[in-house]
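Residues per chain, in single letters:
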Amino acid sequence: MENEIGTLYVVATPIGNLEDITLRALRILKEVDIILCEDTRTTHTLLNKYEIKTKCISYHTHSTEGKANAILELIRDGKNLALVSDAGTPCISDPGVLLISQIKSEFGNEAKVVPIPGASALITALSACGVSVADFIFLGFLPHKKGRETLFKEIAISERPMVFYESSHRILKALESMIKVCPDKKVTIARELTKFYEEFLTGKPDELLRILEGDTNKQKGEFVVIVAPL
Ligand code: SAM
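All figures in this text were calculated on a predicted structure; none of them were measured in a lab.

Some points on the sheet that holds strand E10 (residues 222–227)
Right, on to step 1. Spatial ordering of the open sheet is given by E6-E7-E10-E8-E9, a layout of 5 strands whose pairing is mixed. The open sheet has two edge strands, strand E6 (137–141) and strand E9 (199–203), and neither has a second partner. When the angles between neighbouring strand axes are averaged without regard to direction, this sheet yields 20°.
Right, on to step 2. Pairing analysis gives 5 bridges linking strand E8 (residues 187–191) to E10, with the strands arranged antiparallel. Each residue of the ladder has a partner; that of Ile-189, found in E10, is Val-225.
Right, on to step 3. Helix H6 (residues 148–157) contacts E6, strand E7 (162–167) and E10 of the sheet and is inclined by roughly 145° relative to E7.
Right, on to step 4. Packing of helix H7 (residues 171–181) onto the sheet brings it into contact with E7, E8 and E10, and relative to E7 it is tilted by some 140°.

A word on the site of the ligand
Right, on to step 1. Taken together, 19 residues lie near the ligand, and Ile-92, Asp-94, Ala-121, Leu-193 and Phe-223 sit nearest.
Right, on to step 2. Ser-120 places a side-chain nitrogen or oxygen 2.9 Å from an oxygen atom of the ligand.
Right, on to step 3. The side chain of Glu-222 places a nitrogen or oxygen atom 3.3 Å from a nitrogen atom of the ligand.
Right, on to step 4. Among the elements of the structure, E7 and E10 are those that each provide at least two residues to the shell around the ligand.
Right, on to step 5. Among the elements that make up the shell around the ligand, the one with the highest residue count is E10 (3 residues).
Right, on to step 6. A per-class count over the shell around the ligand returns 10 nonpolar, 4 polar and 5 charged.
Right, on to step 7. Per-domain counts for the shell around the ligand show at least three residues from each of domain 1 (8–116) and domain 2 (121–227).

Notes on the side chain of Arg-148
Right, on to step 1. Examined against the element boundaries, Arg-148 turns out to sit in helix H6.
Right, on to step 2. Residue class for Arg-148 comes out buried when judged on its relative accessible area of 4%.
Right, on to step 3. In terms of polar contacts, Arg-148 uses its side chain to reach the side chain of Glu-166, at 3.2 Å.
Right, on to step 4. Excluding residues within four positions of it along the chain, Arg-148 makes contact with Leu-142, Pro-143, Glu-166, Arg-170, Lys-173 and Ala-174.

Section: the sheet that holds strand E4 (residues 81–84)
Right, on to step 1. The strand order across the open sheet formed by 5 strands is E3-E2-E4-E1-E5, and the pairing between neighbours is parallel. Both outer strands of the open sheet, strand E3 (55–58) and strand E5 (113–116), are each paired with one neighbouring strand and no more. The average angle at which neighbouring strand axes cross in this sheet is 25°, direction not considered.
Right, on to step 2. With 4 bridges connecting them, strand E1 (residues 8–11) and E5 associate as parallel partners. Considered in E5, the bridge of Leu-8 is made with Val-113.
Right, on to step 3. Where helix H1 (residues 23–31) meets the sheet, its contacts fall on E1, strand E2 (34–37), E4 and E5, and the angle it forms with E5 comes to roughly 135°.
Right, on to step 4. Running at roughly 155° to E1, helix H4 (residues 97–107) makes contact with E1, E2 and E5 of the sheet.

About the criteria used
Residues numbered from 1 in each chain as written. Predicted model: local features only at pLDDT ≥ 70, side-chain atom pairs only at ≥ 80, totals over all residues. Heavy atoms only, no water. Pairing = 2+ DSSP bridges. Helix = DSSP H or I, 4+ residues; strand = E, 2+ residues; numbered from the N terminus. Axes fitted to C-alpha atoms, helices over the stretch in contact; angles between N-to-C directions. Contact = heavy atoms within 4.5 Å. Near = heavy atom within 4 Å. Polar contact = N/O pair within 3.5 Å; in protein donor to acceptor, adjacent residues only side chain to side chain. Nonpolar A, V, L, I, M, F, W, Y, C, P; charged D, E, K, R; others polar. Domains from an automatic or database assignment. Buried < 20%, exposed > 50% of the residue type's maximum accessible area, 1.4 Å probe, protein only.

Written as structure tokens, this is what we have:
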């Protein structure tokens, strides 16, 4: 008789505060044969806190085809795996989608890919930003160069809230771009969510730029930016 194929659990992990993980996620991380980690060192911090000793191997954007094939082989052998990223939900601006599409094309509708929901910076920011987000458009990370200014023009004319991820290196530039194309929009910056320096700042782009330029600490960390329609 053929082996039953294994399951890939797509497990959301905390985006800062290590308590933000579900009981189900902890059980799955304990029970699987192997955890596929974007960065094993980051995941070990979480696993150590919960005394989880499961074997970890790395799987990230630059993983080779050979690595993906080895993972498919493990699944064919009936091994259960968990996929985690450094923070939040895998595949949301994070690695994983290629592996999942490979599993689905290899095993078709027999593929067992199970989401274990939990934190994501996107939903965490939206939940407390005070903007009506019955519908919204998520842009992920904006491109660094080509197409960036075009996207800001789309943000300017959008009738729906536009949400994007931004790094500390480009947050001031993003505000400067918005001062040019949509100076009157209400922008919310959600910074360091669930962490010690968590803060939400809302204002027109020039007001936010002034606040951030006035305190370099406010330029640090991780950001979700929400631009409300006029
Ligand atoms: N998969 C993750 C998720 O579900 O949110 C997102 C990963 S993406 C590589 C990392 C980006 O998400 C950061 O640059 C930042 O824009 C946003 N982010 C992640 N953690 C955050 C936090 N604690 N506070 C604010 N933004 C965060």
